[in-house]
Amino acid sequence: DAGITQSPRHKVTETGTPVTLRCHQTENHRYMYWYRQDPGHGLRLIHYSYGVKDTDKGEVSDGYSVSRSKTEDFLLTLESATSSQTSVYFCAIMGRDSGNTIYFGEGSWLTVV
Amino acid sequence: LAKTTQPISMDSYEGQEVNITCSHNNIATNDYITWYQQFPSQGPRFIIQGYKTKVTNEVASLFIPADRKSSTLSLPRVSLSDTAVYYCLVGAPLTGGGNKLTFGTGTQLKVEL
């Protein structure tokens, strides 16, 4: 358990509405990540953050924005949700060991109807 | 970024040893190799990590040949509860500028009686 909490865990929303997913960590980790997971695609990186106000795009960032105004919170926003963004979203942090161990949250299930 | 290739699926029986190989031909000098396990409706969970040769912990062994272009996760005497998706991840320790860690599509292991 890396002290990661995702909210909401489940959400159904309508096409065109904005949605924000929150990732909260309690152990002062510098690096945080947002992934989405879809059948046949594995885990795909959306955005990541390497510090407060420091973020960068991953491989599937279109349609998503992120913000990190404080160390413990990393927010993922879908400005105008589409059905293709129906997915499971995982937040992750990078641990402080010598390798690059990533620890994941339990996921947020988002359905866009 | 080191791209990884794994078999899409594997089948086994309880009590057998299972070996899952991951290819990462363009692994960089500083890259570590990490394996994760994921059950349905859960986030991926860290199993084992290594840099070279062999690493063993209470649940698995990781074999890395001298050229480090592949790695093999070995699960001794699997049980039904080992049915899961296994991901190989290759990436470098933090270097200060951010680190995009990209997963492959994983290997679905199915264990039967």
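Definitions and limits used
Residues numbered from 1 in each chain as written. Chains lettered and ligands numbered in written order. Predicted model: local features only at pLDDT ≥ 70, side-chain atom pairs only at ≥ 80, totals over all residues. Heavy atoms only, no water. Disulfide = S-S within 2.5 Å. Helix = DSSP H or I, 4+ residues; strand = E, 2+ residues; numbered from the N terminus. Core = buried A, V, L, I, M, F, W, Y, C linked by side-chain atoms within 4.5 Å. Buried < 20%, exposed > 50% of the residue type's maximum accessible area, 1.4 Å probe, protein only. Contact = heavy atoms within 4.5 Å.

A. Quick look at the state of the cysteines. For the structure shown, the criterion picks out 2 disulfides over all chains. Two residues share a disulfide in this structure: cysteine 23 of chain A and cysteine 91 of chain A, whose sulfurs sit 1.8 Å from each other. What sets the handedness of the cysteine 23 of chain A and cysteine 91 of chain A disulfide is the S-S torsion sign, and at about -70 degrees it is left-handed. Here cysteine 23 of chain A, found in strand S3 (residues 19–25), pairs with cysteine 91 of chain A, found in strand S9 (residues 87–94); they are 68 residues apart in sequence, far enough to count as distant. The disulfide partner of cysteine 22 of chain B is cysteine 88 of chain B, and the gap between their sulfur atoms is 2.2 Å. Taking the sign of the S-S torsion, about -75 degrees here, the bridge from cysteine 22 of chain B to cysteine 88 of chain B comes out left-handed. Of this pair, cysteine 22 of chain B sits in strand S2 (residues 18–23) while cysteine 88 of chain B sits in strand S8 (residues 84–91), and the two are 66 residues apart along the sequence.

B. Just the nonpolar core, in detail. Ranked by internal contacts, the top residues of the largest apolar core, which has 20 residues, are Ile33, Trp35, Leu73, Leu75 and Tyr86 of chain B. Of all the secondary structure elements, the ones that give two or more residues to this core are S2, strand S3 (32–38), strand S4 (45–50), strand S6 (61–64), strand S7 (70–75), S8 and strand S9 (107–112) of chain B. Looking at this core, the element that brings in the most residues is S8 of chain B, giving 4 residues. Excluding anything up to four places from it in sequence, leucine 73 of chain B contacts Val18, Asn19, Ile20, Trp35, Ile47, Ile48, Ala60, Ser61, Leu62 and Tyr86 of chain B. In terms of nonpolar packing, the next biggest core, distinct from the first, is built from 19 residues, Leu21, Ile46, Tyr89 and Ile93 of chain A among them.

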